[in-house]
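Letter by letter, the chains look like this.
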Amino acid sequence: MAVHSCHRATDVALRLAVPRDAAGDLHAGVRAKLAGCDGVDVERVDVVALRPRLNDLTVEVDASLRLAPDAEVDDLTELVGVHEARPR
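Our subject in this report is the structure included herewith. Note on numbering: residues in each chain are counted from 1, in written sequence order. Since the coordinates come from a predicted model, pLDDT governs what is reported: local features require at least 70, and pairs of side-chain atoms require 80 or more to be given and counted, while whole-chain, interface and lining totals use all residues. In computing side-chain properties, one takes all heavy atoms of the structure into account and sets aside hydrogens as well as water.

By definition here, a salt bridge exists when the distance from a side-chain nitrogen of Lys or Arg to a carboxyl oxygen of Asp or Glu is within 4 Å. One pass over the full model with this rule turns up 8 salt bridges. Arginine 66 is paired through a salt bridge with glutamate 43; the nearest N and O atoms lie 3.8 Å apart. Here arginine 66, found in strand β3 (residues 56-67), pairs with glutamate 43, found in strand β2 (residues 40-52); they are 23 residues apart in sequence, far enough to count as distant. Summary of the burial criterion: residues with accessible area below 20% of their type's maximum are buried, those above 50% are exposed, and those between are partly exposed, where the area comes from a 1.4 Å probe applied to protein chains only. Glutamate 43 gets classed as partly exposed once you look at its relative accessible area, which sits at 42%. Aspartate 62 serves as the salt-bridge partner of arginine 88, at 3.7 Å between the closest nitrogen and oxygen. With a gap of 26 residues between them, arginine 88 in the segment after β4 (82-87) and aspartate 62 in strand β3 connect regions that are remote in the sequence. One continuous salt-bridge network, built from bridges that share partners, spans Asp11, Asp62 and Arg88. Labels follow the DSSP assignment, with helices taken as runs of H or I lasting at least four residues and strands as runs of E lasting at least two, numbered in each case from the N terminus.

Okay, structure coming up:
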């Protein structure tokens with residue numbers, strides 16, 4: 001999705017599950033998960049913690065996002081596998 005000038009930049013801390021069989025590397029898996037939320041453009045993802053589980057990886061990340069005017073950080077928790085999202 002192209003970044004529009006009306007999108008606002010925000011930094012968030014997230015805890016989410018990434019499937020072990022996700023295509024690409026861990027960063028690509030996180031980006032793919034967050035791309036499922038309308039009105040969110042991912043600019044940067046930094047993995048700060050990783051906990052392996054049986055079928056997925058629980059990842060804590062600091063991310064820089066651009067949100068559409070009608071999107072909020074809390075909207076990210078509506079995605080399957082996103083356990084926590086809060087502004088940094």
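With 23 residues, the main nonpolar core has Leu14, Leu16, Val30, Leu34, Val61, Leu65 and Leu76 as its most contacted residues. Every element with two or more residues in this core is listed here: β1 (8-19), α1 (26-34), β2, β3 and β4. Ranked by the residues each element gives to this core, the list is headed by β3, at 6 residues. Sequence-distant contacts of leucine 34, defined by excluding residues within four places in its chain, comprise Leu14, Val40, Val42, Leu65, Leu76 and Leu79. To form a nonpolar core, buried Ala, Val, Leu, Ile, Met, Phe, Trp, Tyr and Cys residues must be joined to one another through side-chain atoms within 4.5 Å. We call two residues contacting when some pair of their heavy atoms lies within 4.5 Å.

In this section: the pairing of β1. Direction of pairing for β1 relative to β3: antiparallel, over a ladder of 12 bridges. Bridge pairing links arginine 8 to leucine 67 in β3. A pair of strands is treated as paired once DSSP finds two or more bridges between them. Relative to β4, β1 is paired through 5 bridges, and the arrangement is antiparallel. Residue pairing for β4: alanine 13 is matched across the bridge by arginine 86.

On to α1. Residues spaced three or four apart along an α-helix face the same direction, because each turn holds 3.6 residues. Taken as a whole, α1 has its buried residues at Gly29, Val30 and Leu34. One side of α1 holds all its buried residues, which, seen down the axis, span an arc of 130°. Lining the buried residues of α1 we find β1, β2 and β3. In protein, a polar contact requires one atom able to donate a hydrogen and another able to accept it; more generally it is a pair of N or O atoms within 3.5 Å, and residues adjacent in sequence count only if both atoms are side-chain atoms. Two to three positions downstream of the cap, the backbone nitrogen of histidine 27 sits 3.3 Å from a side-chain oxygen, assigning the N-cap of α1 to aspartate 25. What the arc describes is the spread of directions from the helix axis to the C-beta atoms.

For the rest of this paragraph, the subject is the sheet that holds β2. Spatially, the 4 strands line up as an open sheet ordered β2-β3-β1-β4, and their pairing is antiparallel. Looking at which strands have only one partner, the edges of the open sheet turn out to be β2 and β4. When strand polarity is set aside, the average angle formed by the axes of neighbouring strands in this sheet is 20°. Every axis corresponds to a line fitted to the C-alpha atoms, with the helix fit spanning only the stretch in contact, and the corresponding angles, defined between N-to-C directions, vary from 0 to 180 degrees. Across the face of the sheet, α1 comes into contact with β1, β2, β3 and β4 while running at roughly 125° to β2.

That's the geometry; what it means functionally is another story.
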